[in-house]
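# Descriptive analysis of the structure
What follows is the residue order along each chain.
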Amino acid sequence: MGWHGKILRVDLSKGTCKAEDLNQEWARNYLGQRGLATKYLCEETDPKVDPLSPDNKLIFATGPLTGSMASTGGRYSVITKGPLTNCIACSNSGGYWGAELKFAGWDMVILEGKSKKPVYLFISDDEATLMPADDLWGKSVWETEPTIKARLQDPQIRVTSIGRAGENGVLYAGIINDLHRAAGRSGVGAVMGSKNLKAIAVRGTKGDKPHDPKAFMEATVAGKKVLAENAVTGQGLPTYGTQVLMNVINEIGAMPTRNWREVQFDGAAAISGEAMHEPRKSDGKANLVTNQACFGCTIACGRISKIDEEHFTVKTKPEYWHASGGVEYEAAWALGSDTGIDDLEALTYANYLCNEDGFDPISFGATVAAAMELYEMGAITDKDTGGIELKFGSVEALTTLTELTAKGEGFGKEIGLGSKRLCEKYGHPDLSMTVKGQEFPAYDARGIQGMGLTYATSNRGACHLRSYTVASEVMGIPEKTDPLVTDGKAGLVMAFQDATAVVDSSGLCVFVTFAWSMEDIAPQIQAACEGDWSVENLLLTGERIWNLERKYNLSAGMTAKDDTLPKRLLKEAAKTGPAKGKVNDLGKMLPEYYELRGWTTEGVPTNETLDRLAL
Amino acid sequence: MKHVILGAGPGGVIAAETLSKQGHGGAITLVGDEPEPPYSRMAIPYLLSDIIDESGTYLRKNPDHYEKLGIDRLQARASGIDTKKGRVALDNGKELPYDRLLIATGSSATTPPIEGLDGPGVHHCWTLEDTRHILKSIEPGSEVLLMGAGFVACIILNGLVKRGAKVTAIVRGPRMVRSMMTETAGGMIKRWCGEKGIRVLTETNATRVTHDGGLKVDLDNSETMNPALIIVAVGVKPNMDFIDGSGIETDYGILVDNHMQTNIEGIFATGDVAQGLDFSSGGRSVHAIQPTASEHGRIAALNMAGVPATYKGSLLMNVLDTVGLIATSFGQWQGAKGGDHAEAVDEDHYKYLRLEFEEDRLVGACSVGITQHVGAVRGLIQSRTRLGHWKKRLVQDPTRFMEAYLGSTQPVG
Amino acid sequence: MIRALQIEPVKCTGCLQCEMACSYEKEGVFNPAKSRIKVFNFHEEGRMVPYTCTQCAEAWCLHACPVDAIRLDAETGAKIVVDVLCVGCKVCTIACPFGTINYNASAGVVVKCDLCDGDPECAKACPTEAITYVDADWTGLERMRDWADKTANEQPQA
Amino acid sequence: MKITLKLFALLGRYLPKDATGNEAVLDLAEGTTAGEALHHVGVPGDLAHLVLVNGVYLAPSERSGKVLTEGDALAAWPPVAGG
């Protein structure tokens, strides 16, 4: 079927749950998940809405391949207007929750209004019920999930929930499912918290069936073979996870360090994927316990770590001595390189806390890094921090702030608002390493030029997951391009953006694209769904989704002025490495990009473009 | 060597098959007093529900099954045993000589001493013959008075409801299935029955039944009913009257040792009639349940065939489907002396689980609404597995029993 | 040569491809809730453990079945539920001490692993060889048997 | 001539015994090329997917022509990616 054709609409203000038919025409035009839910959001809400008001909506959406045998077919996305960026927010997560929603017979859940009291939603196949959550409010994700499972007496129930960060309005609060998989970015968890919705628990026993089972099995078996035989998806990712990048990116001089003052981090090796495999000096055990897959994934890049019990961060806290989701590259970078910290165990602990209370380690780490710079220059004082010595490299500062941010206490409250608001408050807006209010991920745009354009034009604010040109510029996937030149990058970014929009709307994980081309993906979608899902139509769909998001942002008040980078990347040259002396040359790439997109010089899609895309 | 097996229920049949497989070289005679091929009482509710026909209740489906294994079947009822001469007296006047005897005569449904309850229109639901009577007596809209709310009463409810009967169940005691479920679980089942349109009256008894122009039942709550049919399901008792004077030791049932042998050499007993080793208490109990009958049958037959086999005791366990609500109980579900427990109750969703521990070992359990992996509860109890740190986790969430089972018995980390 | 499913938890990544393959083969839909093999996630230990029927020699389910609905497949050694004979009484589900035969309420019968006629889909779908179908002698069967003895209601004779 | 050899991920197994972490100092004859240096420690050519000299990418076709000089950092990875 691909789609069940059924969506669940929950009015939290009225306390009602209703089933309704999926708009099949929209499904044909927007595929699913990211694209389809964005269409719903655009049709149903005012783009100028206050993200944290009851008028904003929060959509949990699966793709047609979610809950299927396609490798990585377990993703879901949360779509809403983001409080961190005031742009469209779309955060994607793996784990098992998305597939479970599909097995319960639903394509998506639209949540509107605001509950008077804390509630959680329990979906058991066709039945959806709002349950009181007064006693869950104030609890972490790690308490909420097992409590709900025990209360409903079914260990097989899957839960997605917010921790205290989402309740406390941390603007980059995420939504966490299966204890450590996150719809992490853009503050979707804060929106959930603003609606007094603590969690969505799902048990699905109805299952799912592709439109053409025989063709689907053939296509997915072929796809899995490609992943298994590819060195990246078959060996590199399962063994080292995304953390294999730490040394690569550092070596090419694109490792943002100490709030992007530098582009190489001398502690990179100590917090790298390789280091996670090494026996620790202290107890002889490796930080990494095993790799883990999300639902349906035959790559299995997830890191499961265990912190050294003797490490000072957890020595007196046995509740953190168990295994859980370890650091991925972005988290290791933000919590580590960006703050100048090279203590892998401390980063793992901070990462645990981010999962436990549901907030994005990228935005959090980057905000701490900005605060450290402000502190070192004297713009923030001990009085502001409550006595925390916010020096680069201070493990104590990082772990204390992680705990305070989770709880919404002290200086943690300010850290919880993100680096843009922090830097504005303390008089140095230029030191906020953000685009559209969202913190950068782990690739310096001076050493990887294409990523500058990626960040500047990303519809959800600075992000690597909207067009991961690192694949081409650094790793040579699908073809090697020079990271230090701007030629051809506009087209590259655009192609990556459109293809990623397709993958994000399908139920698949974007990591498949390290091995799969659209030619590998199309037959799987085609067999799962009715309609025309040729490569050509898929790419057109991707472009349509991108332009729809752009339209939403323009209506929300964004302009071409927001498609920019912080001064540091445009004016301060890299000090070391291959990019030494270089800044990001966004000015060269952006006009070319607008033109390729069929947008005006003001970054507005022309009528011709809109017509072509049936928008 | 002549092997005689009295009773053609699961215990008797499995014993006969086991003897046959052992290749003892002698004769096997399986004696049953009902005309049908050996069948299972466990299947009767499904006959009532029209899921199967009578042949669906048969223990073995192949008509040649017994013949092929060299098992002679004889329809008769034992009326006495001469242990000196090694002969069983039958109700047809014949005598059956034996070298080894297995008493697997099972149990019968009992009738409480209530005036008029022995008249027409009153049936048990224990045999195929009973079932035929019931099926003849009810049609859509018929009012049925079910006396009893125990295991048997509960499992036949679905069939009665499905046939369109309007059922009122009365029970003397304060709750349903009190012999296998806790108060909370019994209450849940009662509420569920109510939701399915079944009237359940606890602490209620019939005082008199009259038959003038249809059934009339007086209840002690001063209500009077005119049911089309009364089904009596208040309990069972071992069928062992015929051994009176034989010298075979009895208590509640026939006492057997851990080889399933009675006090008299060469005479064994199994199943509902046997009072054998109780896994939980270490004493001897009658566990009138299907798994015990089949285990008993196998162990007894091995010993009869000269293959020494020692029984470790039967574990009380039941699974109950009350109009779709599934409940189980295992072992010491009421708790062990000095033990502790974990409990989860979700009245809204009809879910319940109680685990009983002795130190860090599971010794009993009782559940409602849980169908997946329940066998692992038995596994944990019967292996006397030390749960270690899993006990704490089970106290927090008893529904993680399958993980606890794997975590305690498999290499998980 | 009888073959058996060999399960090596250390290799399992928890992707659930086995559950999908099983439910697809047996039920015609992707539906882990109806899979005969189940992966248990031991989060705190960082270990995923696939588990299904070991087709034990004791065959508790088979012995407990009151209506002869569980049969031995002589070729594969699998204990197989004959759907048309199963009345759904669930006695086997409490009798099996491994918890690997379960009641499927929507079908009204019990379900268990039947080794897919000697070509188990779970093993074929496993991307990491955590589940393989190998000669019975090679498996951890000895360990399983030890445990079965511990659980058995019959004492091993000296 | 001394250079720093860095072998990462699954190529780590080709590091000399005296390596610290993923780095080792190699003493090579003047004029040694990047390709020869990798061959010297036994890295199979098809496994060295990403080869950098001082952080700058070296295409497979350039490896045999790129002469190393004192103090160079030669780094190599098998095919990897992340995100």
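Every value quoted in this text rests on a predicted model; they were computed, and no experiment measured them.

### Considering the packing of helix H18 (residues 449-457) of chain A against helix H20 (residues 489-504) of chain A
All names here are of chain A.
- Interhelical geometry of H18 versus H20 gives an angle of 55 degrees and a closest axis separation of 9 Å. Viewed along their axes, H18 and H20 adopt a mutual orientation that is oblique. Between H18 and H20 lies a crossing whose hand is right-handed. Between H18, through Gly 450, Leu 453, Thr 454 and Thr 457, and H20, the contact on the second element is made entirely by Lys 489, Ala 490, Val 493 and Gln 497.

### Side note on the interface of chain A and chain B
- Contacts between the two partners involve 10 residues from chain A and, on the opposite side, 13 residues from chain B.
- Carbon and sulfur atoms make up 49% of the area that chain A and chain B hide from each other, which totals about 770 Å².
- The interface formed by chain A and chain B contains 0 salt bridges.
- Taken together, chain A and chain B are joined by 3 residue pairs in polar contact (both at pLDDT 80 or more).
- In terms of residue count, the dominant contributor to the side of chain A that touches chain B is helix H4 (residues 141-151) of chain A (4 residues).
- When grouped by side-chain class, the residues that make up the side of chain A that touches chain B number 6 nonpolar, 1 polar and 3 charged.

### Re the domain arrangement of chain C
Residues and elements named next belong to chain C.
- Structurally, chain C comprises domain 1 (1-52 + 117-146) and domain 2 (56-112).
- A separation of 19 Å is found between the C-alpha centroids of domain 1 and domain 2.
- Contacts between the two partners involve 11 residues from domain 1, matched on the other side by 11 residues from domain 2.
- A buried area of about 750 Å², summed over both sides, lies between domain 1 and domain 2, and 57% of it is on carbon and sulfur atoms.
- In this assembly, domain 1 and domain 2 are joined by 0 salt bridges.
- Linking domain 1 to domain 2 there are 1 residue pair in polar contact (both at pLDDT 80 or more).
- In terms of residue class, the side of domain 1 that touches domain 2 is built from 4 nonpolar, 2 polar and 5 charged.

### Topic: the arrangement of the chains
- Where the 4 pairs of chains in contact are concerned, the greatest contact count is recorded for chains B and C.
- Nowhere do chain B and chain D come into contact; their C-alpha atoms are at least 26 Å apart.
- With no contact formed, the shortest span from any C-alpha in chain C to any C-alpha in chain D equals 18 Å.

### Thoughts on the nonpolar core
- Residues A:Met108, A:Ile249, A:Phe364, A:Tyr443, A:Tyr455 and A:Tyr593 are the most contacted members of the largest nonpolar core, which totals 184 residues.
- Broken down by element, the residue count for this core peaks at 9 residues, all from helix H13 (residues 361-376) of chain A.

### Remarks on the side chain of A:Arg568
Residue and element names in this part refer to chain A.
- Within the element layout of this structure, Arg 568 appears in helix H23 (residues 567-571).
- Residue classification places Arg 568 among the buried residues on the basis of a relative accessible area of 6%.
- Within the structure, the side chain of Arg 568 is placed 2.7 Å from the backbone oxygen of Asn 259, a separation counted as a polar contact.
- Sequence-distant contacts of Arg 568, that is, excluding residues within four places in its chain, are made with Asn 259, Trp 260, Arg 261, Glu 373, Leu 431, Met 433 and Arg 446.

### As for H20(A)
- In a regular helix each residue adds 1.5 Å, so 16 residues correspond to 22 Å; H20(A) covers 22 Å between its end C-alpha atoms and thus fits that length.
- Counted residue by residue, H20(A) has 13 buried out of 16 residues, so it is predominantly covered.

### What to know about the packing of aromatic side chains
- For the structure shown, the criterion picks out 26 aromatic pairs over all chains.
- Between A:Trp260 and A:Trp333, the ring centres sit 6.0 Å apart and the planes meet at 85 degrees, which makes this aromatic pair edge-to-face. Highlighted residues: A:Trp260 in the loop between helix H9 (245-251) and helix H10 (273-277) and A:Trp333 in helix H11 (residues 329-335), separated in sequence by 73 residues.
- Using a relative accessible area of 0% as the deciding quantity, one classes A:Trp333 as buried.
- These aromatic residues form a ring-pair network of at least three members: A:Tyr329, A:Tyr443, A:Tyr468, A:Phe511 and A:Phe514.
- Over the ring of B:Trp390 we find B:Arg393; its NZ or CZ atom is 4.5 Å from the centre of that ring.
- When the ring centre of C:Tyr103 is taken as origin, the NZ or CZ atom of C:Lys90, which lies over that ring, is 4.4 Å away.

Calculation notes
Residues numbered from 1 in each chain as written. Chains lettered and ligands numbered in written order. Predicted model: local features only at pLDDT ≥ 70, side-chain atom pairs only at ≥ 80, totals over all residues. Heavy atoms only, no water. Axes fitted to C-alpha atoms, helices over the stretch in contact; angles between N-to-C directions. Helix = DSSP H or I, 4+ residues; strand = E, 2+ residues; numbered from the N terminus. Parallel < 35°, antiparallel > 145°, perpendicular 65-115°, else oblique. Left-handed = near helix turned anticlockwise from the far one by under 90°. Contact = heavy atoms within 4.5 Å. Buried area = accessible area lost by both parts, 1.4 Å probe. Salt bridge = Lys/Arg side-chain N within 4 Å of Asp/Glu carboxyl O. Polar contact = N/O pair within 3.5 Å; in protein donor to acceptor, adjacent residues only side chain to side chain. Nonpolar A, V, L, I, M, F, W, Y, C, P; charged D, E, K, R; others polar. Domains from an automatic or database assignment. Core = buried A, V, L, I, M, F, W, Y, C linked by side-chain atoms within 4.5 Å. Buried < 20%, exposed > 50% of the residue type's maximum accessible area, 1.4 Å probe, protein only. Expected span 1.5 Å × (residues − 1). Phe/Tyr/Trp six-rings, centres within 6.5 Å; stacked < 30°, edge-to-face > 60°. Lys NZ or Arg CZ within 6 Å of the ring centre and 35° of its normal.

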